[in-house]
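The chain contents come next:
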Amino acid sequence: MRRIARALWIAFAVLAAVPAFALGVDPPLPDPGQEARAIEIHKALRCLVCQNQSIHDSNAGLAVDLRRIVRERIQAGDDDAQVVGYVVARYGDWVLLKPPLNVKTALLWGAPAILILLGIVTVRSFHRRNRALAAATPTPLSTHERKRLERLIGEDAP
Amino acid sequence: MRLGTVLPIAIFAALAVALGVGLTLNPREIPSALIDKPVPEFDLPPVAGKPLGLASRDLKAGEVALVNVFASWCVACREEHPLLMELARTKRVAVHGLNYKDAPSDAQRWLAEWGDPYARAGADRSGRVGIDFGVYGVPETFVVDGHGRIVLKHIGPIMPADLETKILPAVAKARAQR
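My aim in this report is to walk through the structure given alongside it, one point at a time. (Residues numbered from 1 in each chain as written. Chains lettered and ligands numbered in written order. Predicted model: local features only at pLDDT ≥ 70, side-chain atom pairs only at ≥ 80, totals over all residues.)

It is worth spelling out the overall build of chain A at this point. Scanning chain A from N- to C-terminus turns up six helices and zero strands. Listed by position from the N terminus, the elements making up chain A come as α-α-α-α-α-α. When the 158 residues of chain A are sorted by exposure, 14% land in the buried category. Excluding contacts between residues fewer than 6 apart, the proportion of contacts in chain A whose partners are at least 24 apart in sequence is 43%. (Helix = DSSP H or I, 4+ residues; strand = E, 2+ residues; numbered from the N terminus. Buried ≥ 20, exposed ≤ 12 C-beta atoms within 10 Å, placed from the backbone. Contact = placed C-beta atoms within 7 Å.)

Let us look at the overall build of chain B. The secondary structure content of chain B amounts to five helices and seven strands. Ordered by position from N to C terminus, the α and β elements of chain B give α-β-β-β-α-β-α-β-α-β-β-α. Compactness check: chain B gives a C-alpha radius of gyration of 20 Å against a globular reference of 16 Å for 178 residues, more than 25% above the reference. With the C-alpha coordinates aligned to their principal axes, the bounding extent of chain B is approximately 75 × 35 × 30 Å. Put simply, chain B has 178 residues, and 39% of those count as buried. Sequence-distant contacts in chain B: of pairs separated by 6 or more residues, those separated by 24 or more amount to 73%. (Rg over C-alpha atoms; globule rule 2.2 N^0.38 Å.)

Residues and elements named next belong to chain B. Of the positions making up helix 3 (residues 104–114), those classed as buried are A107, W110 and L111. An end-on view of helix 3 places all buried positions within 95° of arc, on one side of the element. Summarising the geometry of helix 3, the exposed residues directed more than 90 degrees from the buried face are S105, A112 and E113. Residues of helix 3 that are buried sit in contact with strand 4 (94–100) and strand 5 (121–124). Just downstream of helix 3, G115 is the residue with a positive phi angle, here 100°. (Arc of directions from axis to C-beta.)

All names here are of chain A. Running from N to C, helix 2 (residues 32–44) and helix 3 (residues 61–75) cross one another at 135°; their axes reach a closest spacing of 10 Å. When the interaxial angle is binned, helix 2 and helix 3 end up oblique. The hand of the helix 2/helix 3 crossing is right-handed. Contacts between helix 2 and helix 3 pair Q34, R37, A38, I41 and H42 from the former with R67, V70, R71, I74 and Q75 from the latter. Residue composition of the contact of helix 2 with helix 3, by class: four nonpolar, three polar and three charged. (Axes fitted to C-alpha atoms, helices over the stretch in contact; angles between N-to-C directions. Parallel < 35°, antiparallel > 145°, perpendicular 65-115°, else oblique. Left-handed = near helix turned anticlockwise from the far one by under 90°. Nonpolar A, V, L, I, M, F, W, Y, C, P; charged D, E, K, R; others polar.)

Okay, the interface of chain B and chain A next. Contacts between the two partners involve eleven residues from chain B and, on the opposite side, twelve residues from chain A. Split by residue class, the side of chain B that touches chain A holds five nonpolar, four polar and two charged.

All names here are of chain B. One open sheet accounts for five strands, arranged 5-4-3-6-7; its pairing is mixed. What marks the edges here is a single partner per strand, and that holds for strand 5 and strand 7 (150–155). Put simply, the sheet's adjacent strands are angled 20° from each other on average, direction ignored. Here strand 3 (residues 65–70) runs beside strand 6 (residues 140–144); their pairing, made up of five bridges, is antiparallel. Considered in strand 6, the bridge of N68 is made with T141. (Pairing = 2+ DSSP bridges.)

Moving on to the environment of Q34(A). Residue and element names in this part refer to chain A. Relative to the elements of secondary structure, Q34 occurs in helix 2. Considering only alpha carbons, one finds Q34 and E145, 111 residues apart in sequence, at a separation of 86 Å. Non-local contacts of Q34, meaning those with residues more than four positions away in its chain, are made with L29, I74 and Q75.

The next thing to look at is unusual backbone geometry. Residue and element names in this part refer to chain B. Cis geometry is adopted by the peptide bond preceding P139, which originates at V138 and carries an omega value of -5°. Along the chain, the position of P139 falls in the loop between helix 4 (128–132) and strand 6. Here the phi dihedral of D36 falls at roughly 70°; this positive angle occurs in a residue that is not glycine. Along the chain, D36 turns up in the loop between helix 1 (3–24) and strand 1 (43–44). A tally of 10 C-beta atoms within 10 Å means that D36 is categorised as exposed. With phi around 55°, K91 is a residue other than glycine that occupies positive phi space. Along the polypeptide, K91 turns up in the loop between helix 2 (75–90) and strand 4. C-beta crowding within 10 Å serves as the criterion here: with 9 such atoms nearby, K91 is assigned to the exposed category.

Written out as structure tokens, the structure reads:
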């Protein structure tokens, strides 16, 4: 009985591990340091077919090909920037999951700062107006208004 | 009207217009990095059964041409195929084929079945030349001027409207500039 249970556990573990093989089907580079660099680059490059995945996460044919090219360039002695440049030269800045800072993306990168500044200006102007309202001395009531007020209060009194 | 009233409405209107325009764009269309750049250097053997392969020097011979990336496994390629056949028949512009990641026998059978519009057709079995061209979805079509410079890239099947409003005008412009 115990042996069957153990066999079942092993079978379960093996089956559970299958999805792990689904990624990383391609042969890794022999040098672990180079392979680690390749993986980091893979994670930074967008898969063009599935768009919101990196080529590391995707098994589309093109992603597999691009992973192989990244490994080839690393083995050929390119540094990380050269490898990324090789892919960008063919597919444009669009393949970078983290867009570079340039004229076209200045608004994208600047937007958070601009929005925070706008928020600060808005909050301060509201604040200032509220304080001005609170500080202002109200115009005194006219005799007519005072009479009316007294009448209203008088009516409410028990 | 006070600024405090106008400003939020103005910001909302600007956002609505910007996002509205964004909705009409096709997120699948990625601007090519190769526009106005020379074609990559390559030299491909012919597709099985065809006499002429395709190399970068063929695109520098002075004639404006289309380079159509196709594959037998590509369903959308069949959609544009009659249009390419028509172009080849009327000889409005030379059409070359780049057979992307295809088995030779499949490509040969496909051209036999649906017709062969290509003056030259190179077999890119590994897909490396396709990657050098920045290909990410077949079919794609490049307009190359006679000096091997890419002037236009069309992604997806060519519809008649694309041909008339995008591709042929680009061909005419490239011819005029020669």
